[in-house]
Amino acid sequence: MIEHLTTSGVFSLDGQDFDVDNNVWLVGDADEVIVVDAAHDADAIAAAVGDRRLAAIVCTHGHNDHINAAAALAERFGAPVHLHPSDRMLWDAVYPDRAPDRDLADGQVVKVAGTELRVVHTPGHAPGAVCLYAPELDTLFSGDTLFRGGPGATGRSFSSFPVILDSIRDRLLTLPAGTRVLTGHGDETTIGAEAADYDAWVARGH
């Protein structure tokens, strides 16, 4: 079971603020779920979780708009927050007095309700950016690494366009073409649809 809600708030980095809508994904069943990216509104996410066990809050990266409801949600449900350690400086900018509970590592498997989600480290948008691949669901949760129409933004601190291209080419476009891609913002896509446009991204320096 994959559930979706959209939350709204402010993305802040490099001294600038932007109004954004974020996708929040819940994966699980009637008894337990994980939350992928606890963005902006802990109350709305808690309502979506309901009376189920929240097994984990998994952060695809450390930008504030993807983590700014994580601590409140973790406290409410007693759930651990998972983050790749390479994004700790981004986390600390939001939560200077509260560390993530567990480190994410490439190849690690997060299990919920009998479903396995494999952590794929995809630096570029942020050093510790990860995607979650669920083969049984034919689904990739891509965070801000891959969107419909191209890679995530790389014009700000701690990001790199060449690195994100390598991550997408080597780690994501090798997945089955029909894999559903559920993104951190905006509409979903598929691996095949984005693979078809990869050379065009490179050419235009997306």
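Definitions and limits used
Residues numbered from 1 in each chain as written. Predicted model: local features only at pLDDT ≥ 70, side-chain atom pairs only at ≥ 80, totals over all residues. Heavy atoms only, no water. Helix = DSSP H or I, 4+ residues; strand = E, 2+ residues; numbered from the N terminus. Expected span 1.5 Å × (residues − 1). Buried < 20%, exposed > 50% of the residue type's maximum accessible area, 1.4 Å probe, protein only. Arc of directions from axis to C-beta. Polar contact = N/O pair within 3.5 Å; in protein donor to acceptor, adjacent residues only side chain to side chain. Pairing = 2+ DSSP bridges. Right-handed = clockwise from strand over helix to strand, strands pointing away. Contact = heavy atoms within 4.5 Å. UniProt positions renumbered as here; feature names shortened; annotations may be inferred. Disulfide = S-S within 2.5 Å.

A. Broad picture of helix α5 (residues 161-172). With 12 residues, α5 ought to run about 16 Å at 1.5 Å a step, and its terminal C-alpha atoms sit 16 Å apart, in line with that. Listing the buried residues of α5 in full gives Phe161, Ile164, Leu165, Ser167, Ile168 and Leu172. The arc that holds every buried residue of α5, seen down its axis, measures 160°, which confines them to one face. Among the residues of α5, the N-terminal cap falls to Ser160, whose side-chain oxygen and the backbone nitrogen of Val163 are separated by 3.2 Å.

B. Quick peek at the pairing of strand β4 (residues 53-58). The buried fraction of β4 is high, at 5 of 6 residues. Relative to β4, strand β3 (residues 32-36) runs parallel, the two being bridged by 5 bridges. By the bridge assignment for β4, Val35 is matched with Ile57. With helix α1 (residues 42-49) bridging β3 and its parallel neighbour β4, the resulting β-α-β unit is right-handed. Pairing of β4 with strand β5 (residues 81-83) involves 2 bridges; the strand directions are parallel. Pairing of Val58 across the sheet is with His82, part of β5.

C. Fine view of α1. Taken together, the buried positions of α1 are Ala42, Ile45, Ala46 and Val49. An end-on view of α1 places all buried positions within 100° of arc, on one side of the element. Counted as exposed and oriented over 90 degrees from the buried face of α1: Asp43 and Ala47. Of the surrounding secondary structure, the elements contacted by the buried residues of α1 are β1 (2-13), β2 (16-28), β3, β4 and α3 (70-77).

D. Broad picture of unusual backbone geometry. Although it is not a glycine, His40 sits at a positive phi angle of roughly 70°. With respect to the secondary-structure elements, His40 resides in the loop between β3 and α1. Unlike most non-glycine residues, Phe158 shows phi in positive territory, near 70°. You can call Phe158 partly exposed: its relative accessible area is 46%.

E. View of the UniProt feature "domain: Metallo-beta-lactamase" (unreviewed entry) in the chain. When the UniProt feature table is mapped onto this chain numbering, "domain: Metallo-beta-lactamase" (unreviewed entry) sits at residues 21-185. Taken end to end, residues 21-185 comprises 24% helix and 32% strand; its first and last C-alpha atoms sit 6 Å apart.

F. Layout of the state of the cysteines. Under the defined criterion, the tally for this structure stands at 0 disulfides. With no disulfide partner, Cys59 has as its closest neighbouring cysteine sulfur the one in Cys131, 14 Å distant. The class for Cys131 is buried, based on a relative accessible area of 0%.

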